[in-house]
Each structure stands twice: as structure tokens, then as C-alpha cells.
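Breakdown of the fold
As a plain string of letters, each chain reads:
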Amino acid sequence: MRIARFTTGEDPLYGVVTGELDELGQPSEDSVVVALAGDPLYVGVKLLDQQFRLPDVRLLAPVLPRSKVVGIGRNYAAHAAELGNDVPSEPMMFLKPNTSVVGPGDPVFYPPQTQDLHYEGELAVVIGRICRDVPAEKATDVIHGYTVANDVTARDLQRRDGHFTRAKGFDSFCPLGPWIETDLDPQTFKDGVRLQTFLNGEVVQDGSTADMVFDIPALVAHVSSIMTLLPGDVILTGTPEGVGPMEAGDEVEISIDGLGTLTNKVATR
């Protein structure tokens with residue numbers, strides 16, 4: 001089930017997106033979104049007798065994290081190597097504020113504090129209920145679904161600060177979308193799902209989730225052993241190799257097989 005958050009020009013709504021995805025992760029022209037009675041994280045999936053053509057609505061960030069976005073660094077060995085880093089012996093965590101979240105089509109603003117802004121295409125896990133100390137084998141019990149993310153990073157600030165808070169925490173530095181897919185098992189990604197990032201139409205990242213150092217159940221277990229996770233919290237699972245700079249005016253598309261494509265343009269604030 002693909003759950004979207006959208007607007008027709010009025011208050012945001014939630015809905016279920018129908019229709020098949022093409023090879024680029026785009027929905028068919030006859031896709032519709034059937035409205036829901038509220039946020040399914042809190043009221044469940046209650047369909048209304050109201051539907052809209054998908055091209056006629058504006059998709060929003062499919063989830064607004066209640067408290068936090070938890071990032072995982074260096075979770076693909078080739079990406080760690082391309083930046084001259086070792087693979088960590090346990091998941092390497094950082095936090096992005098929930099104010100960094102934007103949706104499909106929203107601009108990623110290029111802050112004046114940086115001269116080296118990078119894209120990082122990632123798979124994102126959306127938590128479905130309050131949880132703490134979740135065993136890896138129980139991870140599916142607390143996962144609401146999955147979406148596509150861009151862990152935007154000011155690389156020069158990351159190097160200068162020696163930590164990730166400023167470099168990854170600016171407003172608009174966590175695009176999410178286009179929707180949440182709820183009907184997938186973590187094993188799907190362990191077996192390998194293709195993740196591609198396109199910069200102005202050219203492939204710059206082409207990886208597989210099979211190359212994660214720590215798989216999704218391990219990440220849920222590790223993060224929840226440290227902090228309570230709340231409904232709507234997001235875990236970013238790391239990026240494959242191929243990260244690089246983007247400039248104002250660039251368009252970044254991140255596509256994950258079975259999940260769809262997230263598209264954002266870079267703009268000057």
C-alpha cells in the first residue's frame with residue numbers, strides 16, 4: 001500500500017495511491033489517490049468516498065517526523081571509502097531535526113554558509129509506533145513503511161566541524177517522498193533493491209541495498225537501544241558511493257525500485 005500526504009490547495013490530506021509504477025518509478029497517468037479519514041499512523045487506514053487524479057494534487061512529505069530523523073553514516077563500504085573513511089564497527093548515528101524535512105518538488109535551499117553541497121540518495125524507514133529496545137527479529141512489528149530520502153549534506157561544514165549537526169541540519173536538507181510503501185519486508189532490501197540518483201538526468205549513484213553494512217533490523221535494534229522511537233520518526237539507512245556536489249538550478253531525482261522517485265531542485269535561499 002502506497003500512502004501519500006497531499007494537498008489540492010486546501011488542508012493536507014492522506015490517501016492511498018493506486019496504479020502501477022513504470023521502470024523509472026513514476027505512476028501511470030491514470031493513477032488516483034483515494035482519501036483517508038486521517039493520518040493512518042494514528043487512526044488506521046480508513047478510506048473515504050473521495051478520490052483525486054494523482055496529476056491533479058501536489059504531493060507533500062509523506063510523514064512529518066514527530067520528533068526526529070536518525071541518520072546512519074558510512075553504512076555502505078564503498079561510500080565510506082570514497083570519502084577516505086573506515087567502515088564503523090557498529091552503526092554510526094547522527095540526528096537531523098524534523099524541520100529539515102520537505103516533500104517532493106520542494107526546493108533544497110543552498111545555504112550561504114557552504115560552498116560544497118552534496119546529494120545522498122537513501123532508503124528511509126518510517127517507524128509506526130512507540131518503541132524501545134526492539135530486538136532485530138521484531139523490527140517488522142514497529143516499521144510503518146519505507147520511502148525515499150535525500151540526506152543533503154554541506155560537505156565542507158562536515159569536514160570543518162568534525163560532526164554532522166550543522167552540515168546535515170539546515171532547513172530543507174531532508175527531502176522525503178513521494179509516498180510511504182507499507183507492504184515490504186526488510187528482507188526485500190537485504191536481498192538487494194536498486195537505488196539510483198540522477199543529477200540533471202545523469203546517473204551519479206547506482207547501488208543496491210544489499211550492500212548495506214548493517215541491515216534494517218540491525219539498525220532498528222541499535223537505534224531503539226539508545227532512544228525511544230515515536231510514530232513517524234524516520235531512520236535514514238545510508239547512501240551508496242557516488243555522492244557529489246550540486247548547484248543552484250540542479251535537479252536531483254532519487255529512485256528506489258518498488259518505492260518510486262523523489263525529485264527536488266536546488267535553489268538559492
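One structure accompanies this document, and this report is about it. Residue positions are counted from 1 within each chain, in the order its sequence is given. Per-residue local features are limited, in this predicted model, to residues with pLDDT of at least 70; the limit for side-chain atom pairs, both in listing and counting, is 80 or more; totals at the level of whole chains, interfaces and linings are taken over all residues. Side-chain descriptors were evaluated using all non-hydrogen atoms of the structure, hydrogens and water having been removed beforehand.

Remarks on the packing of aromatic side chains
- Stacked, edge-to-face and tilted labels apply to pairs of Phe, Tyr and Trp rings (six-membered ring for Trp) whose centres lie within 6.5 Å, assigned for plane angles under 30 degrees, over 60, and everything in between, in that order. Within this structure, the stated rule accounts for 4 aromatic pairs.
- Judged by centre distance (5.1 Å) and plane angle (70°), the rings of phenylalanine 94 and phenylalanine 164 are edge-to-face. A residue pair is termed long-range when its members are at least 10 positions apart, and phenylalanine 94 in strand β7 (residues 92-96) and phenylalanine 164 in the loop between α3 (155-161) and α4 (165-169) qualify at 70 residues. We note that phenylalanine 94, like phenylalanine 164, is buried.
- Here lysine 168 stacks its cationic end above the ring of phenylalanine 164, 5.6 Å away from the centre of that ring. Per the convention used, a helix needs a DSSP run of H or I reaching at least four residues, while a strand needs a run of E reaching at least two, with both numbered from the N terminus. The rule is simple: take the accessible area with a 1.4 Å probe, protein chains only, and divide by the maximum for that residue type; under 20% is buried, over 50% is exposed, in between is partly exposed. Criterion for a charge above a ring: Arg CZ or Lys NZ at most 6 Å from the ring centre, at most 35 degrees from the ring normal.

Quick notes on the sheet that holds strand β10 (residues 117-119)
- Strand order in this open sheet of 3 strands is β13-β10-β18, and the pairing throughout is antiparallel. Of all the strands in the sheet, just β13 (153-154) and β18 (244-245) have a single pairing partner and so form its edges.
- By this definition, two strands are paired if DSSP reports at least two bridges between them. As defined by bridge partners, β10 adjoins β18 across 2 bridges and the pair is classed as antiparallel. Within the sheet, the bridge partner assigned to tyrosine 119 lies in β18 and is glycine 244.

A short note on a nonpolar patch on the surface
- Any residue with relative accessible area above 30% and no salt bridge may belong to a patch, with like charges joined within 9 Å and the nonpolar Val, Leu, Ile, Met, Phe, Trp and Tyr side chains within 5 Å. Accessibility throughout is a Shrake-Rupley quantity obtained with a 1.4 Å probe, and a residue counts as covered only by protein chains that appear here. Salt bridges are counted wherever a side-chain nitrogen of Lys or Arg sits within 4 Å of a carboxyl oxygen of Asp or Glu. A grouping of Met1, Val45 and Leu47 is seen on the molecular surface, where their side chains present a nonpolar patch of about 260 Å² in accessible area.
- Its place among the elements puts leucine 47 in strand β4 (residues 47-53).
- When its relative accessible area of 54% is taken as the criterion, leucine 47 is described as exposed.

Looking at the pattern of salt bridges
- A complete count under the given rule lists 12 salt bridges for this structure.
- Put simply, arginine 155 and glutamate 120 hold a salt bridge, and the shortest N to O gap is 2.7 Å. Of this pair, arginine 155 sits in helix α3 while glutamate 120 sits in the loop between β10 and β11 (121-127); the two residues are 35 residues apart in sequence, bridging distant segments of the chain.
- Its salt-bridge partner being lysine 168, residue glutamate 120 comes within 3.5 Å of it at the nearest N-O pair. In this pair, glutamate 120 is assigned in the loop between β10 and β11 and lysine 168 in helix α4, connecting sequence segments 48 residues apart.
- Residue class for lysine 168 comes out buried when judged on its relative accessible area of 2%.

Comments concerning the side chain of glutamine 205
- Looking at the secondary structure, you find glutamine 205 in strand β16 (residues 202-208).
- Polar contact is defined as a pair of N or O atoms within 3.5 Å, subject to the rule that within protein one atom must be able to donate a hydrogen and the other to accept it, and that residues adjacent in sequence are counted only when both atoms are side-chain atoms. Of the polar contacts made by the side chain of glutamine 205, one reaches the side chain of threonine 197; its length is 2.8 Å.
- The contact criterion used throughout is that any non-hydrogen atoms of two residues lie within 4.5 Å. Residues within four places of glutamine 205 in sequence aside, it is in contact with Tyr119, Glu120, Gly121, Leu195, Gln196, Thr197, Thr239, Pro240, Glu241, Gly242 and Val243.

Thoughts on unusual backbone geometry
- Here the residue pair glycine 177 and proline 178 is connected by a cis peptide bond, since its omega of 0° sits within 30 degrees of zero.
- Position of proline 178 relative to the elements: it lies in strand β14 (residues 174-181).
- Of note in the backbone geometry, arginine 74 takes a positive phi value of approximately 55° without being a glycine.
- As for its position among the elements, arginine 74 is in the loop between β6 (69-73) and α2 (77-82).
- For arginine 74, a relative accessible area of 25% corresponds to the partly exposed category.
- Despite not being glycine, aspartate 133 has its phi angle at roughly 55°, a positive value.
- Mapping aspartate 133 onto the fold places it in the loop between β11 and β12 (143-150).

From the geometry alone we can't say anything about function, so treat these as descriptive.
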